Amino acid sequence: MFATYLIGLREGLEATLVVSILVAFLVKSQRRDRLPQVWAGVGLAVALSVGFGSLIQYTSTSLLRTFESRELFEAVTSVAAVVFVTWMIFWMRRAARTIAGELRGKLTDALAVGSLAVAGMAFLAVVREGLETALIFYAAAESAAGGTGPGSLLALAGGIATAVVIGFLLYRSAVRINLSRFFTWTGALLILVAAGILKYGVHDFQEAGVLPGLNDLAFDISNTLDPGSWYGALLAGMFNVTAAPTVLELVAWVAYAVPVLVLFLRKPGRPSKPVQPAEPVQPARSTEPAQPDEPAAGTSAAPADVAPAQSPRS
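Since the model is a prediction, treat every value here as computed from it, not as a measurement. (Residues numbered from 1 in each chain as written. Predicted model: local features only at pLDDT ≥ 70, side-chain atom pairs only at ≥ 80, totals over all residues. Heavy atoms only, no water.)

Draft legend 1. Region of the structure containing the nonpolar core. The biggest cluster of nonpolar side chains holds 32 residues, and the ones touching the most others in it are Leu190, Ile197 and Tyr256. Not counting the four nearest positions on each side in its chain, Leu190 is found in contact with Leu6, Ile7, Arg10, Val85, Met88 and Ile89. By size, the runner-up hydrophobic cluster in this structure holds 24 residues, among which are Val18, Val27, Val38 and Val126. (Core = buried A, V, L, I, M, F, W, Y, C linked by side-chain atoms within 4.5 Å. Buried < 20%, exposed > 50% of the residue type's maximum accessible area, 1.4 Å probe, protein only. Contact = heavy atoms within 4.5 Å.)

Draft legend 2. Local environment of the environment of Asp220. Mapping Asp220 onto the fold places it in the loop between α7 (179–207) and α8 (230–239). A C-alpha to C-alpha distance of 5.7 Å links Asp220 and Ala243, two positions 23 residues apart in sequence. The residues contacting Asp220, other than those within four sequence positions of it, are Ala243 and Ala244. A polar contact is formed between the side chain of Asp220 and the side chain of Ser222, at a distance of 2.6 Å. (Helix = DSSP H or I, 4+ residues; strand = E, 2+ residues; numbered from the N terminus. Polar contact = N/O pair within 3.5 Å; in protein donor to acceptor, adjacent residues only side chain to side chain.)

Draft legend 3. View of the environment of Leu135. Here Leu135 is to be found in helix α5 (residues 115–143). Judged by relative accessible area, Leu135 falls into the buried class, the value being 7%. Each C-alpha atom, one on Leu135 and one on Phe52, is 8.3 Å from the other, the two residues being 83 residues apart in sequence. The contact partners of Leu135, leaving out residues within four places of it in the chain, are Phe52, Ile56, Thr77, Ala80, Ala81 and Phe84.

Draft legend 4. Quick look at helix α1 (residues 2–28). Given a rise of 1.5 Å per residue, 27 residues ought to cover 39 Å, and the 37 Å separating the end C-alpha atoms of α1 matches this to within 8%. Of all 27 residues in α1, 24 are buried, a share of seventy percent or more. Following α1 by one or two positions, Gln30 adopts a phi angle in the positive range, close to 60 degrees. (Expected span 1.5 Å × (residues − 1).)

Draft legend 5. Summary view of the layout of surface pockets. Space inside the largest pocket adds up to approximately 870 Å³. Along the walls of the largest pocket sit 32 residues, with Gly12, Ala15, Val46, Val126 and Ile160 positioned nearest its centre. Top element by residues in the lining of the largest pocket is helix α2 (residues 35–63). It accounts for nine residues. (1 Å grid on protein atoms, 1.4 Å probe; cavity = no way out; pocket = protein on both sides within 12 Å on 5 of 7 lines; lining within 4 Å. Points joined across faces, edges and corners; volume = space filled by probe spheres on them.)

Structure follows, in structure tokens:
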């Protein structure tokens, strides 16, 4: 449940920040008349996201009849969710400091075009988060062995509601949180969640007969890690850590979690400053005057010789 709550909180806060930036810009620019277009775009994005989530659920439960086809569908959605999670956390880490300025610039251009452009800009800014949330929620809920039931939906709704409250308080400047640190911690947790989703997707591929090794267990610690215990359920629900994974599941979990965590937590390097000023320096021109007895051809020697010859004639 906590994994789906975290997904709702993280994705919801991103969308809330986008909307709050747009609204604050319009209010400060004395363009409150454009607020209905922003809310219309946001509402359309939310409706499309809910419809997309319902379509995924309907496809899995009604359109796919055989067990193998359902497992294959869940495996594909799991891999797609992992791709979206990975892209999202790295994109947000890079854009966290510049997203406000970029959104203001785009909204300024949209205001010059008209109402539909404003609504479309708000729609595009929110719909990406909504579609990602629907896909990631479905994959995470399925991998938690509980399915997309009422409990998972309530956890997701709780995360989104929390994000909306935080976004509203930030808009009102009632609270101030370190967003960079928040996205770093939640990003690290979501990487572990995505590793569990990928592990679940590999298991589905094995059950669908696409990948081999369904009965090749890497280890079995069921006596130590009781799946029925609270801590076993917590690890399985959040990160899909199970007591008896297959070899391919374990390889997929480690191969994704370790390098992605290292890349995400590594601080981006800063470019060296001496490189930029060194570019305009032209060494070919600076070395020529180093020999005073040999003047450069076609430069100062010609005017110096001509001047004495012309002075007597004048």
